[in-house]
There are 2 protein chains.
Amino acid sequence: MSDKFYKIEEVSKMTGLTKRAIRYYEDLNLIAPQRAESAYRLYTDEDLEKIQRIISLKESLGFSLAEIKNALELDKDVQTILSTGTAEAAILGNYMEMIREQIKLIDEKVSKLLATGEQFENLLARLNNLRDRAGKENTR
Amino acid sequence: MSDKFYKIEEVSKMTGLTKRAIRYYEDLNLIAPQRAESAYRLYTDEDLEKIQRIISLKESLGFSLAEIKNALELDKDVQTILSTGTAEAAILGNYMEMIREQIKLIDEKVSKLLATGEQFENLLARLNNLRDRAGKENTR
DNA sequence: GCTAACATTAACGTCAAGGTCAATCCCAGA
DNA sequence: TCTGGGATTGACCTTGACGTTAATGTTAGC
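Residue positions are given per chain, counted from 1 along the sequence in the order it is written. Think of it this way: whatever chain is written first is A, whatever ligand is written first is 1, and the rest follow in order. Reporting in this predicted model follows two pLDDT cut-offs: at least 70 for local features of residues, and 80 or more for side-chain atom pairs to be given and counted; totals over whole chains, interfaces and linings ignore these cut-offs and use all residues. No hydrogens and no water enter the side-chain calculation; it runs on all heavy atoms of the structure.

## Looking at the relation of the copies chain B and chain A
Line of reasoning, step 1. What sets the superposition is a least-squares fit of C-alpha atoms, and only residues with pLDDT of at least 70 in both copies go into it. Superposition record for chain B on chain A: RMSD 0.2 Å, screw rotation 180 degrees, translation along axis 0.1 Å. Both copies are brought into coincidence by an operation consistent with a two-fold rotation axis. Measuring from the rotation axis to each C-alpha of chain B, the shortest distance belongs to B:Gly62, at 2.4 Å.
Line of reasoning, step 2. Throughout, a contact is declared for two residues whenever any of their heavy atoms are within 4.5 Å. Interface overlap between copies is the fraction of interface residues in one copy that are interface residues in the other; for chain B against chain A it reaches 100%, indicating a shared surface.

## Examining the interface of chain B and chain A
Line of reasoning, step 1. If you look at the interface, chain B gives 38 residues, while chain A gives 38 residues.
Line of reasoning, step 2. The largest contributions to the chain B side of the interface with chain A come from B:Leu113, B:Phe120 and B:Leu127, which together make up 18% of the buried area.
Line of reasoning, step 3. What makes a salt bridge here is a side-chain nitrogen of Lys or Arg within 4 Å of a carboxyl oxygen of Asp or Glu, nothing more. Between chain B and chain A we count one salt bridge in total.
Line of reasoning, step 4. The shortest N-O distance in the salt bridge between A:Lys112 and B:Glu59 comes to 3.7 Å.
Line of reasoning, step 5. Nitrogen and oxygen atoms within 3.5 Å of one another constitute a polar contact, given that in protein one can donate a hydrogen and the other can accept it, and given that sequence-neighbouring residues count only through two side-chain atoms. Between chain B and chain A we count two residue pairs in polar contact (both at pLDDT 80 or more) in total.
Line of reasoning, step 6. Secondary structure follows DSSP: runs of H or I at least 4 residues long count as helices, runs of E at least 2 residues long count as strands, and numbering of each begins at the N terminus. Per-element tally for the side of chain B that touches chain A: the top contributor is helix α5 (residues 89-138) of chain B, with 24 residues.
Line of reasoning, step 7. Here the term charged refers only to Asp, Glu, Lys and Arg, the term nonpolar to Ala, Val, Leu, Ile, Met, Phe, Trp, Tyr, Cys and Pro, and the term polar to all other amino acids, Gly among them. Broken down by class, the residue content of the side of chain B that touches chain A amounts to 20 nonpolar, nine polar and nine charged. Buried area, as used here, totals the accessible surface that two parts lose on assembly, with accessibility defined by a 1.4 Å probe and the loss added over both.

## Structural notes on the protein's contact with DNA strand D
Line of reasoning, step 1. Working definition: residue near molecule or strand if any one of its non-hydrogen atoms lies within 4 Å of it. In the vicinity of DNA strand D lie 19 residues, with A:Arg23, A:Arg41, B:Thr18, B:Tyr25 and B:Tyr40 positioned nearest.
Line of reasoning, step 2. At the protein interface, 70% of the atoms of DNA strand D within 4 Å belong to sugar or phosphate.
Line of reasoning, step 3. Within the side chain of A:Lys19, one N or O atom sits 2.9 Å away from a phosphate oxygen of DNA strand D.
Line of reasoning, step 4. B:Lys58 has a polar side-chain atom sitting 3.3 Å from a phosphate oxygen of DNA strand D.
Line of reasoning, step 5. Those elements that place two or more of their residues in the surface near DNA strand D are α1 (8-15) and α2 (19-27) of chain A together with α2 (19-27) of chain B.
Line of reasoning, step 6. With four residues, the top contributor of residues to the surface near DNA strand D is α2(B).

Written as structure tokens, this is what we have:
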């Protein structure tokens, strides 16, 4: 966890995001890098991890940036609850319910994905079959 | 496979899409319902299935409509290859490669999703723990 | 034959997620 | 010190995926 700082161009190269996108995420309060006196944005490894999480949520889950913001905040809230050990039962139950919903949502996506995957596997198998039969015909 | 026809409002209700969205998909050539003489759109069960596939691809995979169009066309091409049994080896190999790529892409998404899911499960477990400890404290 | 509830196209509006451009500022190296 | 390559903000532009409205046609029941 070296406390090195990255400038936006480096972050762009490391993450594959454009500088514009990175700044945009900041506009939406998804990230909040430090600033140098010159007002340059300074990103830590922690910021980078957060950005990677954003990318992952976006690409795999197809979440909108607004949804991602919610997820990140939910996560953060829970982290503070866990670290302080402070939680009124009602609030805690609330968060647990939200997390269960997220999990359910993810499970649904997974099963849809698996179903789609099987369809393609099926197609592939049938094409394989066709190719094999064609091969036989040629060697007859 | 009854050859009943549905009008757009029925399709809307059955699929949960708005009529506007359904027409928009037609603009993009994702679907091509028949027309009555009055120019009303007439949807078959087959059209409905296609629409359901579009929805599924959109929601689970987060595909753009352009990507969905590609996937549907790929599927259709392969179907005709399979039904006619006609396929030059090169073309066949080509399609098989494309399908493998789709499968790979899907697998990647699935594992990302599962990873995210586990994170949430983890949080949930820790919250459960916290709650149990709090419970004990109250009954002490 | 009228009317209400459907349908059509065409055109413009909107929102998210950035792209692009301009004007200005900062910094590192010759 | 000057110069080129990055950084900043602000403003407007674009694309995808629809929403909305207007003007008009169709159909089913009374």
